[in-house]
Amino acid sequence: MRKFLILFFLPVLSLPVLAQYKEVSGVVIDAQYNTPVPYAAIFVEHTKIGVVASNVGEFSLQVPDSLKNNRLVSVGEGYSLTYLLPEDYGHAPLRIALVPQDRETALLSPPGGAAVKPGKVVSLLSKAARFVMDDWIPLGNPETNTFDFGRIQTLPTYNPVEGVRLRAGAASNSRLSPHFFMKGYLAYGFKDQQFKYRGEAVWSFDKKAYHEDEFPKNNMRLVYENDLFSPGEMHPRSLNDLLLITYRRSVNEATYRNFAEINYEREYKNGLAHTFWWRKSRLIPQGELEFRRSSDAGLTAYDGLDTSEGGVLLRYSFEEAYLQQKRKRKPVDVTSPVFFLSHSIGFVHLPEGGATYHRTEFSAQKRFYLGYAGRLDAVGEFSKVWDAVPFPLLVYPNQRYKHHIENNAFFLNRALEFVADEQYTIRTTFVGDDFLLAKIPLLDDLGAKELISLRASYGRLSSKNDPLLSPSSLIYDFPPVSYRYGSAPYVEGTVGITNLLGLLRVEYVHRFTYRDHPGALLGRVRVDVTL
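Caption draft 1: Up close: the nonpolar core. Among the nonpolar cores identified, the biggest contains 34 residues, and Phe 291, Leu 305, Val 348, Phe 391, Leu 394, Tyr 476 and Tyr 490 are the most heavily contacted of them. Sequence-distant contacts of Tyr 476, defined by excluding residues within four places in its chain, comprise Phe 291, Arg 292, Tyr 302, Gly 304, Leu 305, Leu 350, Pro 390, Phe 391, Pro 392 and Pro 467. Membership of the second largest hydrophobic core comes to 21 residues, among which are Val 37, Leu 61, Leu 72 and Leu 84.

In structure tokens:
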């Protein structure tokens, strides 16, 4: 849509040289949330004079004096036409508020066609899916509330460690303060009978329309968290907010983690972003997982792993822009490549002393559209730990930076099955559009799309991090489920259906290599949430 608008206006944005002009500038916003609308079109009615707003909704338009009595028109994808009388846009800066189209009608209507009245079952399921996708509920009057309750998507979850997990949280919005925000949750696992929690205090240096994570961010954040964490199934800096079924392959390989962190995150309109952080954390093994070291002097056991770490993350995305609604921000252009580069310096605290370690990561992500057939997402990653560290600090296939394109996790390997201090991974995913399932009316009404993916990882473990070869007291014995990579990469692939009602995927996952590992899952049907 954005590119279409640019191509439409490109030949007509120049004006006669001798004409007199009036400059009209301002920002286009969402009338419901007061958040910027990126790449909206603004033009003079009945003319070809107009501009396309920037990625943060800002625009500047030269209107000839001969057209000063014409109305100004604005429109954005998913919004109705908005008209402004000449007397309404005579003062700068101008704020043009676009009214969103009815979301459910838009969801069930073909592009450019008349609205389709859905059946009762499809309509009911669509409303339920929309409720889940909205994710937050106002606490009090939606027009005046200062706190929201959520997230709905993670209220009930299940995992093998905690069993049924209930989680409830709250977050302030700009009505409390446009600069200072608070957020937190409390969770309880009925199997491990442990409470978990997280609290955040955020100062936004920029005034926000509703929440602290609106683009572009410019935030200082204090965090304290005490929750479950799997070193092999989550990136150390990922939020603990997986949906439906969490820690699928961490039955005896998860830890409890508590940490305090201060970080500063800044996003720029040109697509560059950076995060600086400092964190002090403690990992406590649970279940059958043990932190221990075998040596000639005997067996040394540790009740926890204490670390301090600081680092920087750089991200760059060409033409980054978001459609921001309530507490969500939806990317507008997901075809631009995204690059991540991070480096952290940490210190391991042990009774016998400690040591410094370095960790470097790089990731490149890109979405390709294949005409009307669908899209192909590709993600490549590199991770390296440069020094000797205990095994929870090494790299594993599922430790990756997430972004807004498809970024699937490995599913059939155990969380700590493949251990390395240098690792390469690649993930490719095809999602159909106007392909085979689109020809079946019922599946088309449910939004079903084809899903085919292939994932591979390969790594190396140096002698300094091998407990069989290293004399360092930093090196813990590996868990029984951990293996070094052989000569081949670990590969798995899937085929299935995704986007059912906008939030469900059903697929068969197949393991192609290392099928001889004891207890290895060779294939499994998987049901997951894709929000």
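Caption draft 2: Representation of the environment of Pro 479. As for its placement among the helices and strands, Pro 479 is situated in the loop between β26 (449-460) and β27 (490-500). For the pair Pro 479 and Phe 291, spaced 188 residues apart in sequence, the C-alpha separation works out to 8.8 Å. Residues within four places of Pro 479 in sequence aside, it is in contact with Leu 289, Phe 391 and Leu 416.

Caption draft 3: Quick peek at the side chain of Ser 204. With respect to the element layout, Ser 204 can be found in strand β13 (residues 194-204). Assessed through its relative accessible area of 0%, Ser 204 is described here as buried. Dropping the residues within four chain positions of it, Ser 204 is found in contact with His 179, Phe 181, Asn 218 and Asn 219.

Caption draft 4: Representation of the packing of aromatic side chains in the model. Enumeration over the complete set of coordinates arrives at 21 aromatic pairs. Arranged with centres 5.2 Å apart and planes meeting at 40°, the rings of Phe 382 and Tyr 424 form a pair that is tilted. Taken as a pair, Phe 382 in strand β24 (residues 374-385) and Tyr 424 in strand β25 (residues 422-432) lie far apart in primary sequence, 42 residues in all. Judged by its relative accessible area of 22%, Phe 382 is partly exposed. For the pair Phe 410 and Tyr 490, a centre-to-centre distance of 5.8 Å together with 45° between the ring planes defines the contact as tilted. You can see Phe 410 sitting in the loop between β24 and β25 and its partner Tyr 490 sitting in strand β27, a full 80 residues away along the chain. The exposure classification of Phe 410 matches that of Tyr 490, with both residues buried.

Caption draft 5: Region of the structure containing unusual backbone geometry. Between Gly 150 and Arg 151 the backbone carries a cis peptide bond, its omega angle lying at -5°. Along the polypeptide, Arg 151 turns up in the loop between β9 (147-150) and β10 (156-159). The peptide bond linking Phe 215 to Pro 216 adopts the cis configuration, its omega dihedral lying at -5°. With respect to the helices, strands and loops of the structure, Pro 216 is situated in the loop between β13 and β14 (218-229). With a phi close to 55°, Tyr 39 is a non-glycine residue in the positive phi region. On the secondary structure map, Tyr 39 appears in the loop between β1 (21-30) and β2 (41-44). Even without being glycine, His 46 reaches a positive phi, approximately 65°. Relative to the assigned elements, His 46 resides in the loop between β2 and β3 (50-52).

Caption draft 6: Seen up close, a nonpolar patch on the surface. Residues Leu 176, Phe 180, Met 182, Trp 203, Phe 205, Met 220, Leu 222, Ile 262 and Trp 278 make up a contiguous nonpolar surface patch of about 810 Å² in total accessible area. Listing elements by their share of the nonpolar patch, those giving two or more residues are β12 (180-189) and β14. Residue placement: Trp 278 occurs in strand β16 (residues 272-285). For Trp 278, a relative accessible area of 44% translates into the label partly exposed.

Caption draft 7: Structural view of the pairing of β10. Alternating residues of β10 divide into Thr 157 and Asn 159, all buried, and Pro 156 and Tyr 158, none buried. One ladder, built from four bridges, connects β10 with strand β11 (residues 163-172); its direction is antiparallel. When the bridges of β11 are listed, Asn 159 appears paired with Gly 163. The hairpin turn running from β10 into β11, its antiparallel successor, is three residues long.

Quick notes on the rules
Residues numbered from 1 in each chain as written. Predicted model: local features only at pLDDT ≥ 70, side-chain atom pairs only at ≥ 80, totals over all residues. Heavy atoms only, no water. Core = buried A, V, L, I, M, F, W, Y, C linked by side-chain atoms within 4.5 Å. Buried < 20%, exposed > 50% of the residue type's maximum accessible area, 1.4 Å probe, protein only. Contact = heavy atoms within 4.5 Å. Helix = DSSP H or I, 4+ residues; strand = E, 2+ residues; numbered from the N terminus. Phe/Tyr/Trp six-rings, centres within 6.5 Å; stacked < 30°, edge-to-face > 60°. Patch = residues over 30% accessible without salt bridge, like charges linked within 9 Å, V, L, I, M, F, W, Y side chains within 5 Å. Areas by Shrake-Rupley, 256 points an atom, 1.4 Å probe, with all protein chains shown as cover. Salt bridge = Lys/Arg side-chain N within 4 Å of Asp/Glu carboxyl O. Pairing = 2+ DSSP bridges.

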